[in-house]
Amino acid sequence: MHILLTPNSNFPPQSQQTRKRWFKPLQVVEHIDVHEGQLDEFRNIMMHRNGPAMNLILSERTWCHSFYALETEEVWVHHPNYPGWNQLHFIALYPEAPFLYKRDFEHGLSQASGIQFDDNMN
């Protein structure tokens, strides 16, 4: 498999507060299968909405340690019993993340592009 970083959508740890925790964050891998004809639109959303929203979360909140968005350029081998995907997100989260994600992500989306959470997810 050959993968690329999605532009403007990769953020290593930024906040000193997240690094001072007593325990390491949970590493989450999110795989997404974007339809071939929608890849440019998805990349645009990541670059101009979701990526900047995650950057705001990483710089202003303490529940997310890092975020990396990757996209496949070429898949060499795929097991037919596993779901297909062409986008990967590696997210390092702390336990309170599920309770704060939607509110903070909506705030980030609003700041980055003036869009609401539900409209972005559609």
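The numbering scheme is per chain: residues are counted from 1 as the chain's sequence reads. Side-chain atom pairs in this predicted model are given and counted only at pLDDT of 80 or more, local residue features only at pLDDT of at least 70, and totals for whole chains, interfaces and linings cover all residues. For the side-chain quantities, the full set of heavy atoms in the structure was used; hydrogens and water were omitted.

S.K.: How would you explain the overall build of the protein if you had to name every residue and give the values?
M.R.: Only DSSP runs of H or I with at least four residues qualify as helices, and only runs of E with at least two residues qualify as strands; both kinds are numbered from the N terminus onward. Scanning the protein from N- to C-terminus turns up four helices and four strands. Listing each helix as α and each strand as β along the protein from the N terminus yields β-α-β-α-β-β-α-α. Projecting the C-alpha coordinates of the protein onto the three principal axes gives extents of approximately 40 × 35 × 20 Å. Remark: exposure states derive from per-residue accessible area (1.4 Å probe, protein chains only) relative to the maximum for the residue type, with buried under 20%, exposed over 50%, and partly exposed in between. Looking at the protein as a whole, 35% of its 122 residues are labelled buried. Within the protein, residue pairs in contact and separated by at least 24 positions form 78% of the contacts whose partners lie at least 6 positions apart. In these tables, accessible area is a Shrake-Rupley quantity obtained with a 1.4 Å probe, and a residue counts as shielded only by the protein chains included in the view. Looking at the protein as shown, the accessible area adds up to about 7,800 Å², and 54% of this sits on carbon and sulfur atoms. Residue contacts follow a heavy-atom distance rule, with two residues in contact if any of their heavy atoms lie within 4.5 Å.

S.K.: Could you give me a rundown of the pattern of salt bridges, with the residues and numbers involved?
M.R.: Pairing of side chains with opposite charge becomes possible as their charged atoms draw close. The rule for a salt bridge is simple: a side-chain nitrogen of Lys or Arg has to be within 4 Å of a carboxyl oxygen of Asp or Glu. Taken as a whole and judged by the stated rule, the model has six salt bridges. Here E71 ties to R43 by a salt bridge, and the two come within 2.6 Å at their closest N and O atoms. With E71 in strand β3 (residues 64–74) and R43 in helix α2 (residues 39–60), the pair connects residues that are 28 residues apart, well separated along the chain. According to the relative accessible area criterion, E71 is buried, its value standing at 5%. When salt bridges with common partners are traced through the structure, they connect E60, R61, R103 and D104 into a single cluster.

S.K.: A description of the packing of α2 against helix α3 (residues 97–113) should follow, citing residues and the corresponding values.
M.R.: Only the stretch in contact is used when fitting a helix axis, every axis being a line fitted to C-alpha atoms; angles between N-to-C directions are given from 0 to 180 degrees. With their axes 8 Å apart at the nearest point, α2 and α3 run at an angle of 120° to one another. Here α2 is positioned oblique relative to α3, judged by the angle of their axes. Where α2 crosses over α3, the handedness of that crossing is right-handed. Here H48, R49, N50, P52, A53, M54, L56, I57 and E60 of α2 lie close against α3, whose contacting residues are D104, F105, H107, G108, L109, A112 and S113. We call two directions roughly parallel when the angle between them is under 35 degrees, roughly antiparallel when it is over 145, roughly perpendicular when it lies between 65 and 115, and oblique otherwise. Crossing handedness follows the turn of the near helix against the far one: under a right angle anticlockwise gives a left-handed crossing, and clockwise gives a right-handed one.

S.K.: Can you break down the environment of R21 residue by residue, with the values?
M.R.: Looking at where R21 falls in the secondary structure, it is placed in the loop between α1 (16–19) and β2 (26–32). Residues R21 and F117, 96 residues apart in the sequence, show an inter-C-alpha distance of 29 Å. Once you skip the residues sitting within four places of it in the chain, R21 turns out to touch T62, W63, Y94, P95 and E96.

From the geometry alone we can't say anything about function, so treat these as descriptive.
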